[in-house]
Amino acid sequence: MKDEFAFIQSITPAYSFRDELINGIGDDAALYRIGAECDEIACTDTMVEGIHFKKDTMTPFQIGRKALAVNVSDVAAMGGIPLFYLVSLSVPNSGWSTRQLKEIYRGLKALGDEFQMDMIGGDTVSTRSDLHISVTVIGKIEKGRRLLRSNARPGDVVFLTGPVGGSAAGLSSLLSGDTNSYISYHQEPNPRVKQGRILAKSDCRISLNDVSDGIASESHEISEASGVSIVLEQDLIPAPEGFDAYSSFQRLEWMLNGGEDYELIGTVAEADWKNVENLFLKQKESIYRIGYVEDKKPGVWMSYKDQKFKLDKKGYNHFSSKE
Ligand SMILES: Nc1ncnc2c1ncn2[C@@H]1O[C@H](COP(=O)(O)OP(=O)(O)OP(=O)(O)O)[C@@H](O)[C@H]1O
Ligand SMILES: Cc1ncc(C[n+]2csc(CCOP(=O)(O)O)c2C)c(N)n1
Ligand SMILES: [Mg+2]
Ligand SMILES: [Mg+2]
Ligand SMILES: [Mg+2]
């Protein structure tokens, strides 16, 4: 990249989607209004070269698209509507061309357009090695409708919006240099905003989390935040098509601890489950019952036939090998 300012100019959007926007890129900060009837949502997640992607696991377009998708997924996990995003890009002095950086922005815009979000700012700096992309998303949710991890209660049904394990299976083949039909789960995840909105508008008490680190880890987060124990029923967890070709050990490891699936996992009262299932059916979206909540001390278990195994919070942990 030759000139930071010319670069910013070149990635400035030509138009905006949101009536809430007062001004986006071009001043010291963006300005927007949300309205009195909604709460604001803000979240940020970062992707780092070598940790979240390599040049041979994701194209620049896919890196940009996924960096926004993982944040939109966190808004979906609150039941919210994503509105705006800011992008902070740290670019190594060599290895990334301006054309590739523009591709990253084309990927960001592709997902932003899908959800009618406006890019309203960011930051551009240089770094000595490895590209970092950090995205902040701002969203909104009707007051009182937010879906928290702490909402689970004993007797609830545990649900999941789609198959899990596909992203890890795709990554595994990308890292070994071949290809399979799962790579798109890894490279182009789809945040479940529509599903989060159905749940937020359902009038039911719902706990919710998105699956970035694997359903075992996400279940632990709900379990700890709500002070309940969670049982996942092995035979009910949906797998991507064709997963039977892998050993049951491999399959289960990917499904429970693989992560980066960006489906939604949550709980709802048994009495409301049929209602939720019908709302999803009406909207032609899928939702699967995969377990139940118990009145026991926090912990996550998996049941298989008449046995139960304790599941560790094992998914991806950035500091697991450090002190
Ligand atoms: N370095 C940090 N400083 C301040 N708050 C943080 C920091 N890292 C995480 N948090 C906050 O901790 C909470 C949990 O963050 P976490 O990143 O684990 O959730 P997540 O985004 O759902 O998961 P993932 O990052 O795997 O997608 C969030 O409220 C987040 O804003
Ligand atoms: C090249 C490469 N190696 C390994 C992985 C696997 N990986 C990295 S971060 C993460 C969890 C989600 O991240 P976070 O917790 O930061 O949201 C996972 C499963 C990858 N994506 N690319
Ligand atoms: Mg995070
Ligand atoms: Mg999350
Ligand atoms: Mg996240």
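Residues numbered from 1 in each chain as written. Chains lettered and ligands numbered in written order. Predicted model: local features only at pLDDT ≥ 70, side-chain atom pairs only at ≥ 80, totals over all residues. Heavy atoms only, no water.

Identification of the protein as Thiamine-monophosphate kinase from Guptibacillus hwajinpoensis is taken from an unreviewed UniProt entry. Recorded in UniProt for the protein, the comment headed Pathway (unreviewed entry) runs: "Cofactor biosynthesis; thiamine diphosphate biosynthesis; thiamine diphosphate from thiamine phosphate: step 1/1." Reading the Catalytic activity (unreviewed entry) entry of the UniProt record for the protein gives the comment "thiamine phosphate + ATP = thiamine diphosphate + ADP". (UniProt positions renumbered as here; feature names shortened; annotations may be inferred.)

Some remarks on the sheet that holds strand β3 (residues 38–48)
Sheet strands pair by backbone hydrogen bonding; their relative direction is either parallel or antiparallel. Reading across the sheet, the 4 strands line up as β3-β6-β4-β5 and stay open at both edges, with mixed pairing between neighbours. Because the sheet does not close on itself, it has two edges, and the strands there are β3 and β5 (118–127). Put simply, the sheet's adjacent strands are angled 15 degrees from each other on average, direction ignored. Bridge count for strand β4 (residues 81–92) against strand β6 (residues 132–142) is 9 bridges, and the pairing is antiparallel. Its bridge partner lying in β6, serine 90 is registered against histidine 132. Strand contacts of helix α2 (residues 60–76): β3, β4 and β6, with the helix running at about 145 degrees to β3, the strand carrying the most contacts. (Pairing = 2+ DSSP bridges. Helix = DSSP H or I, 4+ residues; strand = E, 2+ residues; numbered from the N terminus. Axes fitted to C-alpha atoms, helices over the stretch in contact; angles between N-to-C directions. Contact = heavy atoms within 4.5 Å.)

Here we look at the coordination of the magnesium ion (ligand 4)
Protein-derived coordination of the magnesium ion (ligand 4) comes from Asp74 (OD) and Asp210 (OD), at a distance range of 2.0 Å. You can call aspartate 210 buried: its relative accessible area is 2%. (Donors = N, O, S within 2.8 Å, 3.2 Å for Na, K, Ca; no water. Buried < 20%, exposed > 50% of the residue type's maximum accessible area, 1.4 Å probe, protein only.)

Details of the layout of surface pockets
Computed from the structure, the largest pocket encloses a volume of approximately 540 Å³. Lining of the largest pocket is provided by 26 residues; of these, Ile51, His52, Glu260, Tyr316 and His318 occupy positions nearest its centre. Only β3, α2 and α4 (166–175) provide two or more residues apiece to the lining of the largest pocket. Across the lining of the largest pocket, the residue classes tally to 10 nonpolar, 11 polar and 5 charged. Here the lining of the largest pocket gathers at least three residues from each of two domains, domain 1 (12–142) and domain 2 (149–310). (1 Å grid on protein atoms, 1.4 Å probe; cavity = no way out; pocket = protein on both sides within 12 Å on 5 of 7 lines; lining within 4 Å. Points joined across faces, edges and corners; volume = space filled by probe spheres on them. Nonpolar A, V, L, I, M, F, W, Y, C, P; charged D, E, K, R; others polar. Domains from an automatic or database assignment.)

Quick notes on helix α8 (residues 248–257)
Turning to α8, its buried residues are Trp254, Met255, Leu256 and Asn257. Packed against the buried residues of α8 are α4, α7 (215–226), β9 (229–233) and β12 (299–304). Where α8 ends, the next residue or the one after it, glycine 259, has phi of about 80 degrees, a positive value.

Regarding the site of ligand 2
The full set of residues close to ligand 2 is Ile51, His52, Phe53, Lys54, Leu171, His186, Ser212, Asp213, Gly258, Glu260, Tyr316 and His318. The contact in question runs from a nitrogen atom of ligand 2 to an N or O atom on the backbone of isoleucine 51, over 3.4 Å. Contacts to ligand 2 include histidine 318, whose side-chain N or O atom sits 2.7 Å from an oxygen atom. Look at ligand 2: alone it shows 520 Å² of surface, and the protein chains cover 86% of it. According to the grid-proximity analysis, the pocket containing ligand 2 is the largest pocket. Residues belonging to the shell around ligand 2 are distributed by class as follows: 4 nonpolar, 5 polar and 3 charged. Each of domain 1 (12–142) and domain 2 (149–310) contributes no fewer than three residues to the shell around ligand 2. (Near = heavy atom within 4 Å. Polar contact = N/O pair within 3.5 Å; in protein donor to acceptor, adjacent residues only side chain to side chain. Areas by Shrake-Rupley, 256 points an atom, 1.4 Å probe, with all protein chains shown as cover. Sits in = over half its atoms within 2 Å of the grid points.)

So, the sheet that holds strand β10 (residues 264–268)
Judged by pairing direction, the sheet is mixed, and its 7 strands sit side by side in the order β8-β10-β7-β11-β9-β12-β13 without closing on themselves. Two strands bound the open sheet, and with one partner strand each, they are β8 (206–210) and β13 (307–310). Put simply, the sheet's adjacent strands are angled 25 degrees from each other on average, direction ignored. Across 4 bridges, the pairing between β12 and β13 is antiparallel.

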